[in-house]
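Observations on the three-dimensional arrangement
So the chains spell out like this:
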Amino acid sequence: MSCGQAVRQPLESMVHPPPLFDLLDALAGFAHPKAAQNLSAAVHCVVDGHGFLVLASDEGSELAFVPVDEAGLHRAPGPTRMGDLRAALGTAEGMGRLARDGEIDVEGLAGVPGGLFVVGSSSLKRKRVRAQDEATGRAAVLERLERIERASGGDQRHSELGMVVQVRLKGDGVALSVVQLCHLRPLLLRHPLLRPFSKVPSKDNGLDIEGAAWLDGHVWLGLRGPVLRGWALLARLSHDLDEVELFPVALNGFGIRSLDGGRWENGPEGLFIVSGPTLTHPGPYTLWHWVVPTDGALGQATVVRELGHDSDRPGKVETVLHRHDRALTLVDGVDGGAPAVVVPGY
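Below: a short report on this structure. Please read these numbers as outputs of a predicted model, since none were measured by experiment.

Brief notes about the pattern of salt bridges
Two side chains bearing opposite charge may form a pair once their charged atoms approach each other closely. Per the counting criterion, the structure on display carries 11 salt bridges. The partner of E160 in a salt bridge is R150, with the nearest N and O atoms 2.9 Å apart. You can see E160 sitting in the loop between β8 (148-150) and β9 (161-170) and its partner R150 sitting in strand β8, a full 10 residues away along the chain. Judged by its relative accessible area of 2%, E160 is buried. Residue E245 pairs with R236 through a salt bridge whose shortest N-O separation is 2.8 Å. Classification of E245 as partly exposed rests on a relative accessible area of 38%. Residues joined in a network through salt bridges with shared partners are E210, R224, R257 and E318.

Structure (structure tokens):
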């Protein structure tokens, strides 16, 4: 199979499902004013017998725990509880306190034994060119483009972490405590395929994690970039979170925007993958299912559902959460994430 020639199933034309429920009121607890417009990850978890849809934003450092029913796809009575990763990391060994204007840049959540796995993007970011830079002229634009920093802001490295976080209910909120910590960016950049991208910002096809999942006893990470000659990359972490193994996957030349584990139809367990553009240009978004290959085989991704193009709607599909025979999608760039249910293959 050549790169990009993934197996396709015959599907009806894309249907835009209506919003499942309104999350705006549930997300009022985020401290950052733009957090509810920039939802970046979701996972279902049970804490003390209560089910929650856990939502992260790539702005700020908080997690929102929204009460949901047993299926995990509908709101349940009760208030949204907020948990602060900034406070949790402040007590973690070897980590200084995150600056007030810093961010974790959470891009992946996964349910793991003992809690949640929370992952930052591990990326660099190039400063966005502003209107005043363009009005000033070429020198101002070039000067702006020369400015590169870590995703957490400045020299802070909090966005480069992967962490196992224990969760417990506390009053009207949620108490978070970090029980295991790994520095993902240096770990990933030890791999010879990724090492050349150590100084490349995310939107320039640099290293950029977007998505995490728990499957077969391992944490898996999806890389939005780099995409190498049209091949996207999945990273599987060792049990001790100190080694990484890469898996190439053909997604029609696009990068990975979200991950979740689960079974599609009657097939084996695998990863649900949302693919989308790696750079800043608009493009299509697609939901795939990929089964972990054995015996050194390459494996194939199967299209589950086309999720539309940037031009079809505001925002970008950046979150998928598989529950039973449904997939919940959330959109980055829209207040409340425009939650919608996709019924794979129907």
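Following the structure, the description resumes.
Notes on the sheet that holds strand β13 (residues 231-237)
Spatial strand order, β11-β12-β13-β14: four strands in an open sheet with antiparallel pairing. Either end of the sheet is taken by a strand with one partner, and the two such strands are β11 (208-215) and β14 (244-250). For this sheet, the mean angle separating the axes of adjacent strands, direction not counted, is 30°. Bridge count for β11 against strand β12 (residues 218-228) is six bridges, and the pairing is antiparallel. Paired with I209 across the strands is L223, a residue of β12.

Observations regarding the nonpolar core
Core analysis: the largest hydrophobic core is formed by 25 residues, its most contacted members being F117, L184, L221 and L237. Mapped onto this core, the elements with two or more residues apiece are β5 (106-112), β6 (115-120), α4 (184-189), β11, β12, β13 and β14. Residues within four places of L237 in sequence aside, it is in contact with F117, L184, L187, H218, V219, L221, E243 and V244.

What counts and how
Residues numbered from 1 in each chain as written. Predicted model: local features only at pLDDT ≥ 70, side-chain atom pairs only at ≥ 80, totals over all residues. Heavy atoms only, no water. Salt bridge = Lys/Arg side-chain N within 4 Å of Asp/Glu carboxyl O. Helix = DSSP H or I, 4+ residues; strand = E, 2+ residues; numbered from the N terminus. Buried < 20%, exposed > 50% of the residue type's maximum accessible area, 1.4 Å probe, protein only. Pairing = 2+ DSSP bridges. Axes fitted to C-alpha atoms, helices over the stretch in contact; angles between N-to-C directions. Core = buried A, V, L, I, M, F, W, Y, C linked by side-chain atoms within 4.5 Å. Contact = heavy atoms within 4.5 Å.

Take it as geometry only, folks, not as evidence of what the structure does.
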